[in-house]
Amino acid sequence: MQKIFFICLFLGGVAGVVKAQVRQRVKIDEGWRFMRYEGEGDSLIYDERPRVMDRNDNKVADTRASEVASAVVSARALKAWILPSANDFIKDSAKRYVRPGGNPGRDFSFVRGDFDDSRWERVRLPHDWAIKGPFYVGENVVVGGGMGRLPVQGVGWYRRKLDVPAGWEGRSVYLNVDGAMSYAMVWLNGQLVGGWPYGYNSFRLDLTPYLRVGGENQLAIRVDNPSNSSRWYPGAGLYRHVWLEVVSPVHVAQWGTFVRTRDVTAAAADVVVGVQVVNGLGGGQKVRVVSDILNERGEKVGIVRSKEVMVRGKERVEGIVKIRNPLLWGPLPAQRPHLYTAVTRVYAGGKMVDEYKTRFGIRSVEFDPVKGVIVNGERVRIQGVNQHHDLGALGAAFNERAAERQLEMLREMGCNAIRLAHNPPAPELLDMLDRMGFLVIDEIFDCWYRGKTPLDFHLIFADWHEADLRAFVRRDRNHPCIIEWSFGNEVGEQYTGDEGAVVARELRDIVRDEDSTRPATASMNYAKPDMPFPGVMDVLSLNYQGEGIRDAPAYAHLRGIRTSPLYGAFRERFPGKLILSTETASALSTRGTYVFPVSSGVSAPVSDSTGGDSVNRAVSAYDLYTAAFGASPDKVFRAQDMNSFVGGEFVWSGWDYLGEPTPYYSARSSYSGIIDLAGFKKDRFYLYQSRWRPELAMAHILPHWTWPERVGLVTPVHVYTSGDEAELFLNGRSQGRKKKGAFEYRLRWDSVVYEPGELKVVAYKGGKVWATDVVRTAGVAAGLRLKADGGDLVFVTVSVVDSKGVVVPDAANLIRFSVSGPGEIVATDNGNPADLTSFGSVSRAAFGGMVLVIVRGTPGRKGEISLRAEAEGCVPARLQIRSH
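Only a predicted model underlies this, so the values are computations on that prediction, with no experimental measurement involved.

1. Thoughts on the overall build of the protein
Here is step 1 of the chain: From N to C terminus, the protein includes eight helices and 52 strands.
Here is step 2 of the chain: For the protein, the C-alpha radius of gyration of 28 Å lies close to 29 Å, the compact-globule estimate for 884 residues.
Here is step 3 of the chain: Overall, the C-alpha framework of the protein stretches about 90 × 60 × 60 Å when taken along its three principal axes.
Here is step 4 of the chain: By the burial criterion, 62% of the 884 residues in the protein qualify as buried.
Here is step 5 of the chain: Taking the contacts inside the protein whose residues are at least 6 apart along the sequence as the reference set, 71% of them involve residues at least 24 apart.
Here is step 6 of the chain: Counting 111 positive and 102 negative side-chain charges, the protein places the centres of these two groups 4 Å from one another.

2. Section: the environment of aspartate 676
Here is step 1 of the chain: Residue position: aspartate 676 is located in the loop between β37 (648-652) and α8 (684-692).
Here is step 2 of the chain: The exposure class assigned to aspartate 676 is buried, which follows from its relative accessible area of 0%.
Here is step 3 of the chain: Leaving out residues up to four positions away in the same chain, aspartate 676 has contacts with Arg591, Trp655, Asp656, Lys682, Asn830 and Gly831.
Here is step 4 of the chain: Among the polar contacts made by the side chain of aspartate 676, one reaches the side chain of arginine 591 at a distance of 2.6 Å.
Here is step 5 of the chain: Of note is the side chain of aspartate 676, whose polar atom sits 2.9 Å from the backbone nitrogen of alanine 678.

3. A word on the pairing of strand β7 (residues 154-163)
Here is step 1 of the chain: Most of β7 sits inside the fold, with seven of its ten residues counted as buried.
Here is step 2 of the chain: Of the strand pairs in this sheet, strand β4 (residues 32-36) and β7 are connected by four bridges, and their pairing is antiparallel. From the neighbouring strand, arginine 36 faces β7, where its bridge partner is glycine 156.
Here is step 3 of the chain: One ladder, built from ten bridges, connects β7 with strand β12 (residues 216-225); its direction is antiparallel. Within β12, the position partnered with leucine 162 by the bridge is asparagine 217.

4. Topic: the sheet that holds strand β10 (residues 191-196)
Here is step 1 of the chain: Pairing within the open sheet is antiparallel, and its six strands lie in the order β6-β4-β7-β12-β9-β10. Two strands bound the open sheet, and with one partner strand each, they are β6 (121-123) and β10. Strand-to-strand twist in this sheet, taken as the mean axis angle between neighbours without regard to direction, amounts to 25°.

5. Considering the nonpolar core
Here is step 1 of the chain: Membership of the largest hydrophobic core comes to 209 residues, with the highest contact counts inside it found for Trp32, Trp157, Tyr158, Leu175, Trp448 and Phe487.
Here is step 2 of the chain: What tryptophan 32 contacts, discounting residues up to four positions off in sequence, is Glu121, Arg122, Val123, Leu125, Tyr158, Arg159, Arg160, Leu219, Ile221, Leu238 and Val242.
Here is step 3 of the chain: Among the nonpolar cores identified, the runner-up in size contains 26 residues, and Val277, Val304, Leu328 and Ala348 belong to it.

6. Observations regarding α8
Here is step 1 of the chain: Here α8 lies mainly inside the structure; seven of its nine residues are buried.
Here is step 2 of the chain: Looking only at α8, the buried set comprises Arg684, Phe685, Leu687, Tyr688, Gln689, Ser690 and Trp692.

7. A few points about the packing of helix α2 (residues 400-413) against α8
Here is step 1 of the chain: For the pair α2 and α8, interaxial distance at closest approach is 8 Å and the crossing angle is 55°. As the angle between them shows, α2 and α8 are arranged oblique. When α2 is examined against α8, the residues Met409, Glu412 and Met413 are found in contact with a partner set consisting of Phe685, Tyr688, Gln689 and Trp692.
Here is step 2 of the chain: Tallied by class, the residues present in the contact of α2 with α8 amount to five nonpolar, one polar and one charged.

8. A look at the side chain of arginine 363
Here is step 1 of the chain: Of note, arginine 363 is situated in the loop between β21 (351-360) and β22 (365-368).
Here is step 2 of the chain: No salt bridge is formed by the buried arginine 363, whose closest oppositely charged neighbour, aspartate 515, lies at an N-O distance of 7.3 Å.
Here is step 3 of the chain: One polar contact links the side chain of arginine 363 to the main-chain carbonyl oxygen of isoleucine 482, over a distance of 2.9 Å.
Here is step 4 of the chain: If we ignore the near neighbours within four places in the chain, the residues touching arginine 363 are Thr261, Val264, Trp329, Asn376, His479, Pro480, Ile482 and Arg518.

9. Concerning the pattern of salt bridges
Here is step 1 of the chain: For the coordinates displayed, the defined rule picks out 53 salt bridges.
Here is step 2 of the chain: As a salt-bridge pair, aspartate 446 and arginine 231 come within 2.8 Å of each other at their nearest N and O atoms. Of this pair, aspartate 446 sits in the loop between β27 (439-443) and β28 (450-451) while arginine 231 sits in the loop between β12 and β13 (242-247), and the two are 215 residues apart along the sequence.
Here is step 3 of the chain: Owing to a relative accessible area of 10%, aspartate 446 belongs among the buried residues under this scheme.
Here is step 4 of the chain: A relative accessible area of 13% means that arginine 231 is categorised as buried.

10. What about the sheet that holds strand β42 (residues 747-749)?
Here is step 1 of the chain: Read from one edge to the other, the open sheet built from three strands follows the order β38-β39-β42, with strand pairing classed as antiparallel. The sheet is open, and its two borders are formed by β38 (699-702) and β42, each paired with just one other strand. Pairs of neighbouring strands in the sheet enclose a mean axial angle of 20°, with direction left out of account.

11. Let's talk about the state of the cysteines
Here is step 1 of the chain: A complete count under the given rule lists zero disulfides for this structure.
Here is step 2 of the chain: Take cysteine 415: it sits in no disulfide, and the sulfur closest to it among the cysteines is that of cysteine 481, at 13 Å.

12. Describing the confidence of the model for the protein
A low pLDDT score tells you not to read the predicted coordinates there in detail.
Here is step 1 of the chain: Confidence in the prediction of the protein, expressed as mean pLDDT, is 94, and 95% of residues score 70 or more.
Here is step 2 of the chain: Scored below 50 in pLDDT, residues 1-20 makes 42 contacts in the model with residues more than four places away or belonging to other chains.
Here is step 3 of the chain: In this model residues 53-74 is a low-confidence stretch, pLDDT under 50, and it forms 52 contacts with partners more than four residues away in sequence or in other chains.

13. Some words on the pairing of β10
Here is step 1 of the chain: Among the six residues in β10, five count as buried, and that is most of the element.
Here is step 2 of the chain: Inspection of the sheet shows strand β9 (residues 184-188) paired to β10 by five bridges, in the antiparallel sense. When the bridges of β10 are listed, tryptophan 187 appears paired with leucine 192.
Here is step 3 of the chain: Hairpin geometry of β9 and β10 is characterised by an intervening segment of two residues between the two adjacent antiparallel strands and by a positive phi of about 55° at asparagine 189.

14. Remarks on the packing of aromatic side chains
Here is step 1 of the chain: One pass over the full model with this rule turns up 40 aromatic pairs.
Here is step 2 of the chain: Ring centres of phenylalanine 110 and tryptophan 157 lie 5.5 Å apart, and the angle between their planes is 80°; on these two criteria the pair is classed as edge-to-face. One end of the pair, phenylalanine 110, is in the loop between α1 (79-82) and β6; the other, tryptophan 157, is in strand β7, and 47 residues separate them in sequence. Summarising the burial analysis for this pair, phenylalanine 110 and tryptophan 157 share the class buried.
Here is step 3 of the chain: With centroids separated by 6.2 Å and ring planes inclined at 15°, the aromatic side chains of tryptophan 196 and phenylalanine 203 adopt a geometry described as stacked. Of the two residues, tryptophan 196 and phenylalanine 203, both sit in the buried class.
Here is step 4 of the chain: Aromatic ring contacts, followed pair by pair, group Tyr46, Tyr183, Tyr198, Tyr200, Phe445, Tyr449, Phe457 and Phe461 into a single cluster.

15. Comments concerning unusual backbone geometry
Here is step 1 of the chain: Omega for the peptide link from glycine 133 to proline 134 comes to 10°, which places this bond in the cis form.
Here is step 2 of the chain: Residues leucine 702 and proline 703 are joined by a peptide bond in cis, for which omega reads 5°.
Here is step 3 of the chain: Counting through the fold element by element, proline 703 comes out in the loop between β38 and β39 (717-721).
Here is step 4 of the chain: With a phi angle near 55°, arginine 550 is a residue other than glycine that sits in the positive phi range.

16. Topic: the packing of helix α7 (residues 633-641) against α8
Here is step 1 of the chain: Relative to each other, α7 and α8 sit at 20°, their axes nearing to 11 Å. What the angle tells us is that α7 and α8 run roughly parallel. Along this stretch, α7 crosses α8, giving a crossing that reads as right-handed. Contacts between α7 and α8 involve Pro633, Asp634, Phe637, Gln640 and Asp641 from the former and Arg684, Leu687, Tyr688 and Arg691 from the latter.

17. With respect to the side chain of threonine 715
Here is step 1 of the chain: As for its placement among the helices and strands, threonine 715 is situated in the loop between β38 and β39.
Here is step 2 of the chain: Side chain to side chain, threonine 715 and arginine 710 meet in a polar contact 3.0 Å long.
Here is step 3 of the chain: When neighbours within four sequence positions are excluded, threonine 715 is seen to be in contact with Phe596, Tyr622, Pro703, Trp705, Trp707, Arg710, Val752 and Tyr754.

18. Things to note about the environment of tyrosine 37
Here is step 1 of the chain: Within the secondary structure layout, tyrosine 37 lies in the loop between β4 and β5 (63-64).
Here is step 2 of the chain: Look at tyrosine 37 and you get buried, because its relative accessible area is 16%.
Here is step 3 of the chain: Once the C-alpha coordinates of tyrosine 37 and glutamate 216 are considered, the two residues, 179 residues apart in sequence, prove to be 27 Å apart.
Here is step 4 of the chain: Setting aside chain neighbours within four positions, we find tyrosine 37 in contact with Asp42, Phe108, Phe110, Val155 and Trp157.
Here is step 5 of the chain: In this structure the side chain of tyrosine 37 is engaged in a polar contact, spanning 2.9 Å, whose partner is the side chain of aspartate 42.

Reading the values: the criteria
Residues numbered from 1 in each chain as written. Predicted model: local features only at pLDDT ≥ 70, side-chain atom pairs only at ≥ 80, totals over all residues. Heavy atoms only, no water. Helix = DSSP H or I, 4+ residues; strand = E, 2+ residues; numbered from the N terminus. Rg over C-alpha atoms; globule rule 2.2 N^0.38 Å. Buried < 20%, exposed > 50% of the residue type's maximum accessible area, 1.4 Å probe, protein only. Contact = heavy atoms within 4.5 Å. Lys, Arg positive; Asp, Glu negative; His and termini not counted. Charge placed at Lys NZ, Arg CZ, Asp CG, Glu CD. Polar contact = N/O pair within 3.5 Å; in protein donor to acceptor, adjacent residues only side chain to side chain. Pairing = 2+ DSSP bridges. Axes fitted to C-alpha atoms, helices over the stretch in contact; angles between N-to-C directions. Core = buried A, V, L, I, M, F, W, Y, C linked by side-chain atoms within 4.5 Å. Parallel < 35°, antiparallel > 145°, perpendicular 65-115°, else oblique. Nonpolar A, V, L, I, M, F, W, Y, C, P; charged D, E, K, R; others polar. Salt bridge = Lys/Arg side-chain N within 4 Å of Asp/Glu carboxyl O. Disulfide = S-S within 2.5 Å. pLDDT = per-residue confidence, 0-100. Phe/Tyr/Trp six-rings, centres within 6.5 Å; stacked < 30°, edge-to-face > 60°. Left-handed = near helix turned anticlockwise from the far one by under 90°.

Structural data, given as C-alpha cells:
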C-alpha cells in the first residue's frame, strides 16, 4: 500500500497542501510588489524597436518588419538570451537556439535580493496596471481610442520573495505564467532565466538551475508594453495567474498529454492517450506509464497501460482503451457536456514519480459542406459571437466569475459558440467553456509578417511564430469545446497572392502536426474564391464577405473594399469545404439611445444623418446602423437563410470591449456589442434571442417610451419576437396587427405618434397568443434600486426609478457609492463608451438610468458588506452582501 505524506508549503505567505514526491502546483498570486516607470524605462530591452510612431490610431495594414525603419541591433538587447525559451516548441533541433554566455542584468538593482522594494505598490495577481486609468483625453495622445485610451504603455516590474523548502532538493521547479503583457523577461536571484514576448501565450521557465533550495529566493519579472502595439485594449502586466510547479526530474512534459477519441457512438468509443515523458536526469531511464480513465463521479471506467520504455531526454508513449456506453460531450441545450479525466501516473525504478490529470470529453465532430457542423451525429447550427479578452471595468485581469457572467448572459440569448478573438484565452476560460457546453474557435494571431499597427507582434513573428503556434495548440488541444483552430484573422497576407498562401500553408501544417483531429483555418475579409489563400484553409472562415461589404445602396458613397455577397461563389469554387461566417454584422449601438429620424431601410452605415450623434458620441439603438464594412443583423439573417449550406455565424461582437470605438475614436470602448461594457443588454440582445431561441415565448419593444420633447411627433416602434405576428397598442388603442414576411426578422410600426402612457405588444404564433411586452412612460427620478449577482466578485446593478418603480430611461444622476464591512468597491461603469470617468471611481453618472458597481470581499475576512448608493433627488438605497 502506497503511503502519501502531506507537507505544507509557505511560499512568501502562500500556503498549499501538496503530496510529497509527486507533482505539486502552487499558485503564487499573492505577495507581489509592482513598479511602473513614469518616464523612460531601463536599458534591459528585449530588442530595439522601429522608430515609427503613430498616435492617431491609424491602422498600418501593409507593414513588414523588414520594411520599417529600424535601429541598428543594440548590444543592450536581451533577445539572444530569451529566444532559447522557445526551444521546446521548435521541431527541428537544428533551428533551436543556443544561449550565449554571460548574465545580462545581473547588476541591475531590481533583480537583486537586497533591493528595497518596500515603497513599491502591493498587488495581487491577476493584475492589469492600466485599467484604473486615468483615460487619455483629446487628440494626439500617447494611447488613443484604438487601444482604449488607458495607460497600457511603459515598462513594469514585479518582484516577489520565494521561500523554498529543503524538501525540493533534487526536484525540478518551473515557473508557469498564464499570461504577461508583454515582452516578459524573468530573473531569479539575479540570474536571467528567460522570457516570452507574445503577451497572450502561456509559458514555462525552468527555475531549477538558479534556485536556492532551503532558503529565500528573489523573483523579478519585467514586462514592456509599447504604445501603438494593438488594435484593441491589450491590458498590461501579469494579467493572468502565475504558478510554481514542482516535479520529479522524470515527469510528464509541459502540456504533455493528448487525449483523442475516435469511432464514437452511443455504444462505445476508443480513447487514445498519448503521453510525452521527460527525463531530466541524463542518460537513460526505464519508465512505465499508466492512465486511468475516470467518469464525472470519479469511477474508473478504463485503463491505458504502456510497455516499459527507455527515456533519454523525451519520449512519447501511446495507448488505447475502449469505453463502453460513453457519456458524450456535446453543446447545450440539445446535448450535455459530459467530461472525463485521465489520471496519468509515471513509474520509474519501481515507484510512482509523477501524476498528471487531463480533463477531456468524448465526442465526434464533422464539418459537412452541406449540412454544416455535426456533433455526435446531430446538426448544430452555429449561433456564435466573437469575444475579446477584457472584462470591461476589470480590464484584462482575468476573473472567473466575471467571465462566467458574460457566458451566462450569452447563453440566455441563445448563443452556443464563441470565437476567441483574436488571441489565446486564459486557461480557466476554456475549462469554463467545456463545463458550460459551448463550441469554440480558438484563435492565436491578428497579424503575421505584415503588421496592422507599427509596433504590434509582426515585429517578432519571424522568430516566434512556430513556438507560439505549437505552444498554443499543445496547451489547449484536450478541450472538447474547441472544434476548430484559427491561425490568423484578416491578415495582410491575403493581399499577396501566392506569397501569402505559402505562409498560410506553413502555419496550417504546424497546427496539423500538433493536432490532426480538428480543422485549421484563417478568417478572410478580402481573399476571394479565385485567389490562392482560401485554398489552404480546411474550413472557409468568412468575415463579412458572405453578406456583402458596402454593397447595399446606403453604402454606395463610401470608399474601401466593396464586395457583393460571396457565399455562393465560395460554395461553387470549394464544394467540398464547409463555410462559416466568423465575423458578421458589426452593427453599432449605444444602449438606450435613439436618434431620429429612423432609417426606412434595413441597413445603413453610421453618420450624423443616419443613426449617429457625433456630439454625444452615440449611435442609435434601432439596430439598423453599422460600421462602414458591416451589415445589420437583418441583412445577415437574410443572406444566411438564402444560403442554407452556411454552417452559421459568429456575430461581431457579443459584448462591447475596450478599444476600437468605431465610429468615434475619441471614446474608450466599442459600440458593436450585443451587451454593453457594463453587462447591460442592448435591444439587439432580444433580436438575436428571437432568432436563436424560437421556442422561447418572448417579445421586446423598442424604444423606451419617455419622450417629453416628442409629444405629437412620429416615433417609430419596432418589436422583436419569436412569434410570427403581433399587434401593438398605445394607451389601449390598436396601432395595427402585423405579420412577418419572407426574410423579415422584426415588426415595424413606423408611423406611431408619441404620446405619454403605455405601449403594449401582443405577439402571436400559429394564430395563438405567444408573448407580451409593455413599456411605460417614466416620471421623475425618485429612488435607486439595487440588485446583486456574484461570487468572489459581486456585480450590483443600480437602476434609477420613479415613484412607481419604473426605470427612468434618460436618468443621468450622479450616484455615489460607499461600503462598510469586510469589502471594497473594485470598479464602477455605466456602459457608455464615451464616459471617460476612471473605472476606479466610487461615483458614476447613470447612463440610460443604470450603473454597475463591482464589490469584492476582503480576503480572509467573513461577514456582511453593506453597500450604500445615494444620488441627489433620490431616496438612498442600501444592499447587504455576504462575504465568503
